[in-house]
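# A closer look at the structure
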Amino acid sequence: MQDILDALAKAFKSLLHPRMLILTLWPMLLALLFWGAVAWLFWDQWAAGLNGYAQSIGAEDKLAEWGFKWLVGWFITALLISLLLPVIYVTALAFAAIFAMPMMLNFVAERDYPELERKRGGTFIGSIWNTVVAIGAFLILWLVTLPLWLIPFGVVIVPTLLAAYLNQRLFRYDALADHASAEEYRLIRERANGRLFTLGGILGFAHYIPVLNFFTPIYIGLAFIHLCLGELRRLRAESRV
């Protein structure tokens, strides 16, 4: 647990540097602009589709009988927004993992881990593939576990576990791509899997904090860089004993 707390503290310290503060906003801004444009183009079609479904199951007629027909439009808007928010956040994480991680990694490595040799076991194509697989698996798990959100505390526990999976699956590869060999990456995945998942879960709670979650993609990346490079440093020190 101490390794995780150290990674969180070091990540916060790194985040306060002007170079990192500049990075904090743009992944979320790009995601908002992208999905804002998509929503502007397709909102009417999405709303019409949901409205048609409400009519097909008789929900609109039933609400009209009770004098609450206006609730249909409100509910459709709320549903579309609730579906867009996690998609926007996941997109921001993907932008941070693919495009911001190299800058964050160079910054942290030069300041805190200058002695680590770069064995370059990862590639840019590998990073993209890792991102695609991580997000694809996350979306499948998100759909499959939707019924569990209805159980007591499920609306908190299930998204946090999903965030734990996504965070560690998305960022561990990029955190080690430059410095670890393929074999070292495999060993770290095996020996630190629990710590990686725990860190991902702790950072998953940040998704629920308004305003702060706007900055979390970069902070999450920094935390995984510190945890993974620290683990790599220990692995190499043990191999020399």
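For the structure itself, look to the data block above.
One structure accompanies this document, and this report is about it.

### So, helix 7 (residues 182–191)
Buried within helix 7 we find Glu 184, Tyr 185 and Ile 188. Across the axial projection of helix 7, the buried residues extend over an arc of 100°, all falling on one side. Facing away from the buried side of helix 7 by over 90 degrees, the exposed positions are Ala 182 and Glu 190.

### Considerations on the pattern of salt bridges
Enumeration according to the criterion identifies 13 salt bridges in this entry. Among the ionic pairs, Arg 195 bridges to Asp 3, the shortest N-O distance being 3.8 Å. A residue pair is termed long-range when its members are at least 10 positions apart, and Arg 195 in helix 8 (residues 193–204) and Asp 3 in helix 1 (residues 2–15) qualify at 192 residues. Here Arg 195 falls in the partly exposed class, since its relative accessible area comes to 24%. Assessed through its relative accessible area of 27%, Asp 3 is described here as partly exposed.

### Section: the packing of aromatic side chains
In this description, a pair of aromatic rings is defined by centroid distance and the angle of the planes. Within the structure shown, the criterion is met by four aromatic pairs. On the numbers, 6.2 Å between centres and 15° between planes, the contact of Phe 171 with Phe 224 is stacked. Of this pair, Phe 171 sits in helix 6 (residues 154–176) while Phe 224 sits in helix 9 (residues 216–240); the two residues are 53 residues apart in sequence, bridging distant segments of the chain. Neither Phe 171 nor Phe 224 differs from the other in exposure class; each is buried.

### Considering unusual backbone geometry
Of note, Arg 120 is a non-glycine position whose phi angle comes to about 50°, a positive value. Structurally, Arg 120 is set in the loop between helix 4 (70–112) and helix 5 (124–144).

### Regarding helix 8
Residues that lie three or four places apart on an α-helix share one face, since the helix turns once every 3.6 residues. With 12 residues, helix 8 should cover 16 Å at 1.5 Å per step; its first-to-last C-alpha distance of 16 Å lies within 8% of that length. Within the span of helix 8, buried status applies to Leu 196, Leu 199, Gly 200, Gly 201, Leu 203 and Gly 204.

### Comments concerning a nonpolar patch on the surface
Together, Phe 99, Phe 124, Ile 125, Ile 128, Trp 129 and Val 132 make up an exposed nonpolar region whose accessible area comes to about 660 Å². Per-element accounting of the nonpolar patch gives the leading share, five residues, to helix 5. Secondary-structure assignment places Phe 99 in helix 4.

### A look at the packing of helix 1 against helix 8
At a minimum axis distance of 10 Å, the contact between helix 1 and helix 8 shows a crossing angle of 50°. As summarised for this structure, helix 1 and helix 8 are arranged oblique, according to the angle between their axes. Regarding helix 1 and helix 8, the two cross each other, and that crossing is right-handed. Seen from helix 1, the contacting residues are Asp 3, Ile 4 and Leu 8; seen from helix 8, they are Arg 195, Thr 198, Leu 199, Ile 202 and Leu 203. The residue inventory of the contact of helix 1 with helix 8, partitioned by class, reads five nonpolar, one polar and two charged.

### Overview of the environment of Ile 157
Mapped onto the elements of the fold, Ile 157 is located in helix 6. Ile 157 sits in the partly exposed class, given a relative accessible area of 47%. Once the C-alpha coordinates of Ile 157 and Phe 205 are considered, the two residues, 48 residues apart in sequence, prove to be 9.8 Å apart.

Cut-off values and rules
- Residues numbered from 1 in each chain as written.
- Predicted model: local features only at pLDDT ≥ 70, side-chain atom pairs only at ≥ 80, totals over all residues.
- Heavy atoms only, no water.
- Buried < 20%, exposed > 50% of the residue type's maximum accessible area, 1.4 Å probe, protein only.
- Helix = DSSP H or I, 4+ residues; strand = E, 2+ residues; numbered from the N terminus.
- Arc of directions from axis to C-beta.
- Salt bridge = Lys/Arg side-chain N within 4 Å of Asp/Glu carboxyl O.
- Phe/Tyr/Trp six-rings, centres within 6.5 Å; stacked < 30°, edge-to-face > 60°.
- Expected span 1.5 Å × (residues − 1).
- Patch = residues over 30% accessible without salt bridge, like charges linked within 9 Å, V, L, I, M, F, W, Y side chains within 5 Å.
- Areas by Shrake-Rupley, 256 points an atom, 1.4 Å probe, with all protein chains shown as cover.
- Axes fitted to C-alpha atoms, helices over the stretch in contact; angles between N-to-C directions.
- Parallel < 35°, antiparallel > 145°, perpendicular 65-115°, else oblique.
- Left-handed = near helix turned anticlockwise from the far one by under 90°.
- Contact = heavy atoms within 4.5 Å.
- Nonpolar A, V, L, I, M, F, W, Y, C, P; charged D, E, K, R; others polar.

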